[in-house]
Amino acid sequence: MNALITLVVLALIATFVTAIKRVPADQVHSLYRRGKPYRLLQPGTHMALPLIDRVEHRINLSGQVLRFEEPLPHAHDADAHDVRGTVYWQVLEPERADAVIDQADQLIRGGALAALRDEPEAFSADCRDLGSRLKQSMNGALRERGMMVTRVELEFA
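Residues numbered from 1 in each chain as written. Predicted model: local features only at pLDDT ≥ 70, side-chain atom pairs only at ≥ 80, totals over all residues. Heavy atoms only, no water.

The protein chain is annotated in an unreviewed UniProt entry as Band 7 domain-containing protein of Dyella telluris.

In structure tokens, the structure reads:
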């Protein structure tokens, strides 16, 4: 009988411990209840319903870095060029970004490459000026998703 009581008490303690959610200062966690978005947990300690609530995304609010290296054919030339880039970005509105945060890297990489393809003089332009234009182009699409590109650095090979 004592073993059963001990087991029940341990199960209750374990359930209580799993209900406590600690969110670091530079993050926001999205809490889902029964598979649907419920609320965002701001930095601090929170309680959640065990077995019903779960943290779906841990959204980093500090700046993030995405590096890429891709072959990119020039619009007027059959030769392929390699472009290396570094995109610095961050989440501004976690409420909007929550729905697409898992695809953020693909969105940003795809946006950068699409913007490069749309630039008529991409390979002869100043890399800084081109990076600034790419940043503006990508931010047009990303801002509605709660994210922003802060800087783009490019290098052509």
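**Points about the packing of aromatic side chains**
Counted only if it meets this: Aromatic contacts are taken between Phe, Tyr and Trp rings whose centres are within 6.5 Å, Trp giving its six-membered ring; a plane angle under 30 degrees counts as stacked, one over 60 as edge-to-face, and the others as tilted. Should the NZ of a Lys or the CZ of an Arg lie within 6 Å of a ring centre and within 35 degrees of the ring normal, that charge is described as sitting over the ring.
Under the defined criterion, the tally for this structure stands at 0 aromatic pairs. Arg33 extends its terminal NZ or CZ atom over the ring of Tyr38, reaching a point 3.9 Å from the ring centre. Positioned above the aromatic ring of Tyr88, the side-chain terminus of Arg151 is 4.0 Å from the ring centre.

**Overview of the side chain of His57**
Applicable threshold: Strands here mean DSSP runs of E at least two residues long; helices mean DSSP runs of H or I at least four residues long; both are numbered from the N terminus. Whenever two N or O atoms come within 3.5 Å, that pair is a polar contact, provided that in protein one can donate a hydrogen and the other can accept it, and provided that, for residues adjacent in sequence, both atoms are side-chain atoms. Contacts between residues were defined by any pair of non-hydrogen atoms, one from each residue, lying within 4.5 Å.
Assignment of secondary structure puts His57 in strand β5 (residues 53–60). Within the structure, His57 has its side chain in polar contact with the side chain of Asp98 (distance 2.5 Å). Not counting residues up to four positions away in its chain, the partners in contact with His57 are Val28, His29, Ser30, Tyr32, Asp98, Ile101 and Asp102.

**Regarding the sheet that holds strand β2 (residues 27–33)**
Whenever strands of a sheet pair, they do so through backbone hydrogen bonds, lying parallel or antiparallel. The criterion, for reference: For two strands to be treated as a pair, DSSP must find no fewer than two bridges joining them. To obtain an axis, a line is fitted to C-alpha atoms, over the contacting stretch when the element is a helix, and the angle between two such axes runs from 0 to 180 degrees between their N-to-C directions.
Pairing within the open sheet is antiparallel, and its 3 strands lie in the order β3-β2-β5. Since the sheet does not close on itself, it has two edges, and those belong to β3 (36–41) and β5, each with one partner. Each adjacent strand pair in this sheet contributes to an overall mean axis angle of 30°, direction not counted. As defined by bridge partners, β2 adjoins β3 across 5 bridges and the pair is classed as antiparallel. Within β3, the position partnered with Tyr32 by the bridge is Pro37.

**Points about the nonpolar core**
Selection criterion: Here, the term nonpolar core denotes a set of buried Ala, Val, Leu, Ile, Met, Phe, Trp, Tyr and Cys residues that are joined through side-chain atoms within 4.5 Å. Buried means the residue's accessible area, taken with a 1.4 Å probe over protein chains only, is under 20% of the maximum for its type, while exposed means over 50%, and partly exposed covers the values in between.
Counting 24 residues, the largest nonpolar core has Trp89, Met147 and Leu154 as the members making the most contacts within it. Counting only elements with at least two residues in this core, the list comes to β6 (64–73), β7 (80–91), α3 (104–118), α4 (127–142) and β8 (147–156). Ranked by residue count, the leading element in this core is α3, at 6 residues. Ignoring anything within four residues of it in the chain, the contact list for Leu154 reads Phe68, Val83, Arg84, Gly85, Leu116, Cys127, Leu130, Gly131 and Leu134.

**Structural notes on α4**
Spelled out, the test is: In this analysis, the expected span of each helix is defined as 1.5 Å times one less than the number of residues it contains.
Taking 1.5 Å per residue as the helical rise, α4 with its 16 residues ought to reach 22 Å, and the 22 Å between its terminal C-alpha atoms agrees with that figure. For α4, the full list of buried residues reads Leu130, Gly131, Leu134, Met138, Asn139 and Leu142.

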